Amino acid sequence: MPPAQRHPTMADVAERAGVSVSTVSRTLRGLSTVSPDAKRRVEHAARELSFVISRQASSLVTGKTGSVAVLAPTLNSWFTGSVLAGVGPVLRAAGLDLLVYSASDLAERAEFFERLPARRNADALLVVSFDLTPEESARLDGLGVPVVYVSQRASGRPSVYVDDVAGARAGVRHLVNLGHRRIAFLRSRRGAAGFTFSSRRRIDGYREALTEAGVEPSDELVVDVSAPGRRGTEEAIGTLLGLREPPTALFAEVDQIAIEAIGILRSAHIAVPDRVSVLGFDDHDMAQWMDLSTVAQPALELGRAAGELARSLIDDPSADPASHRELPTRLIPRASTGPVPEG
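The rules behind these values
- Residues numbered from 1 in each chain as written.
- Predicted model: local features only at pLDDT ≥ 70, side-chain atom pairs only at ≥ 80, totals over all residues.
- Heavy atoms only, no water.
- Axes fitted to C-alpha atoms, helices over the stretch in contact; angles between N-to-C directions.
- Helix = DSSP H or I, 4+ residues; strand = E, 2+ residues; numbered from the N terminus.
- Left-handed = near helix turned anticlockwise from the far one by under 90°.
- Contact = heavy atoms within 4.5 Å.
- Nonpolar A, V, L, I, M, F, W, Y, C, P; charged D, E, K, R; others polar.
- Pairing = 2+ DSSP bridges.
- Phe/Tyr/Trp six-rings, centres within 6.5 Å; stacked < 30°, edge-to-face > 60°.
- Buried < 20%, exposed > 50% of the residue type's maximum accessible area, 1.4 Å probe, protein only.
- Lys NZ or Arg CZ within 6 Å of the ring centre and 35° of its normal.
- Core = buried A, V, L, I, M, F, W, Y, C linked by side-chain atoms within 4.5 Å.

Undergrad: When you look at the packing of helix 11 (residues 229-241) against helix 12 (residues 255-267) in this model, what are you seeing that I'm missing?
TA: Each packed pair of helices is defined by two parameters, the angle between the axes and the distance between the axes. The geometry of helix 11 relative to helix 12 is characterised by a closest axis approach of 9 Å and an angle of 65° between their N-to-C directions. In terms of crossing hand, the pair formed by helix 11 and helix 12 is right-handed. Touching Gly229, Arg230, Thr233, Glu234, Ile237 and Leu241 of helix 11 are Ile257, Glu260, Ala261, Gly263, Ile264, Leu265 and Ser267, all from helix 12. Within the contact of helix 11 with helix 12, the residues separate by chemical class into six nonpolar, four polar and three charged.

Here is the structure:
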């Protein structure tokens, strides 16, 4: 029986290309810190030897895992899915794998911050729409890898976000210009994690726009959607319609709630927008089909920008650790909002 053929190693590629083993690893992982000439020689040597890099070998040489982790409060949302859809291609193009962690309740959240799996499994962490306690932020600061915050601006830390205050202001101004003064805000309480950074910022913009229009913000018009799915939205709308002076417009923190609200109102034979206008925030895939007026945020682009920022911080640890990028929102008026009803 002939002897088993030895598989080529990175050392073999390095010897043939006339470079160091670490240069081989950086080249085959697609990092930008390799000169064009060295990259060409390494790729040629790897092809000649039919060499394929393994994550384990690369990690031993460079201390890198070749992966980026994402932490989100839930995976069951249009926004998180859109962000991941934007992140994925950017990381794949850089030769990086994607790991996803969710912490939708207190137990999962406590376990993540106790174990911090990203410390061992990833070269960077993206934190998506996750409102952290000071203790949790300190834990992430001690990870030893870049942490990029998505859909929030974290002071002194790399962040990618939209101006939620300005977006909400634009939405409420649209309703005010249609004559509405009794404008309710449907706020999304996301499980045990409570309200997100974006949630608090959007309600700030809602209140600022009302004050700007000479309307005193009313606490009774801010209602939490606490229960998951349609049931929570039904309860919130029932509370609002039971008021002595019900609202003539609903501004939902996210499109998913706005879409549910339209269905609930129509089931109760309450015409939208003839009796109640409905406005959302996101530009969810279903928003156009439901003819929902909304404040659009570029979730896919947020994901791409976050992936690019993470990749650049991995490639160049000396890059500005507080770099950030703000993307614009855009008001899209559709048929779910109209003039305040007469009488």
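Don't stop here, the text continues.
Undergrad: Where do I start with the side chain of serine 137 in this structure?
TA: Topologically, serine 137 is positioned in helix 8 (residues 134-141). Apart from the residues lying within four places of it in its own chain, the contact partners of serine 137 are Leu132 and Arg157.

Undergrad: Which parts of the structure should I look at to understand the sheet that holds strand 11 (residues 324-327)?
TA: Through backbone hydrogen bonds, the strands of a sheet pair up, either in parallel or in antiparallel fashion. Taken in spatial order, the six strands of this open sheet run 2-1-3-4-5-11, and their pairing is parallel. The open sheet has two free edges, formed respectively by strand 2 (97-102) and strand 11, since each of these has just one partner strand. On average, adjacent strands in this sheet sit at an angle of 15° to one another, irrespective of strand direction. Along the sheet face, helix 5 (residues 78-93) touches strand 1 (67-72), strand 2, strand 3 (124-128) and strand 4 (147-150) and points at about 160° away from the line of strand 2.

Undergrad: In this structure, what is going on with the packing of aromatic side chains? I would like to understand it.
TA: Overall, the coordinates contain five aromatic pairs when judged by the stated rule. Judged by centre distance (5.3 Å) and plane angle (80°), the ring pair of phenylalanine 112 and phenylalanine 113 falls under edge-to-face. Classification of phenylalanine 112 as buried rests on a relative accessible area of 4%. On the basis of relative accessibility, which here comes to 7%, the residue phenylalanine 113 falls in the buried class. The rings of Tyr101, Phe112, Phe113 and Phe130 are connected pair by pair, giving a single aromatic cluster. One Lys or Arg, arginine 202, reaches over the ring of phenylalanine 281 and ends 3.8 Å from the middle of that ring.

Undergrad: So what exactly am I meant to see when it comes to the pairing of strand 3 here?
TA: Each regular strand shows side chains that alternate between the opposite faces of the sheet. Most of strand 3 sits out of view: five of its five residues are buried. Residues of strand 3 alternate between two faces, with Ala124, Leu126 and Val128 on one and Leu125 and Val127 on the opposite face, all of them buried. Bridge count for strand 1 against strand 3 is four bridges, and the pairing is parallel. Its bridge partner being in strand 3, leucine 71 is matched across the sheet by valine 127.

Undergrad: Is there a simple way to think about the nonpolar core in this case?
TA: Generally speaking, nonpolar side chains in soluble globular proteins are found buried as a group. With 42 residues, the main nonpolar core has Ile183, Leu186, Tyr206, Leu250 and Phe251 as its most contacted residues. Counting residues per element, the ones that place at least two in this core are helix 9 (164-177), strand 6 (183-188), helix 10 (197-212), strand 7 (222-225), helix 11, strand 8 (249-252), helix 12 and strand 9 (277-282). Looking at this core, the element that brings in the most residues is helix 12, giving seven residues. Every residue in contact with isoleucine 183, bar those within four places of it in the chain, is listed here: Val172, Leu175, Val176, Tyr206, Leu210, Leu221, Ala249 and Phe251. Core analysis: the second largest hydrophobic core is formed by 26 residues, Val87, Ala94, Val160 and Leu313 among them.

Undergrad: Please explain the sheet that holds strand 12 (residues 330-332) as it appears in this structure.
TA: On the basis of which strands lie adjacent, the open sheet formed by six strands has the order 7-6-8-9-10-12 and mixed pairing. Each of the sheet's edge strands pairs with one partner strand only, and the pair in question is strand 7 and strand 12. Direction aside, the axes of adjacent strands within the sheet are offset by 20° on average. Relative to strand 8, strand 6 runs parallel, the two being bridged by four bridges. Each residue of the ladder has a partner; that of alanine 184, found in strand 8, is leucine 250. Relative to strand 6, helix 10 is tilted by about 170°, and along the sheet it contacts strand 6, strand 7, strand 8 and strand 9.

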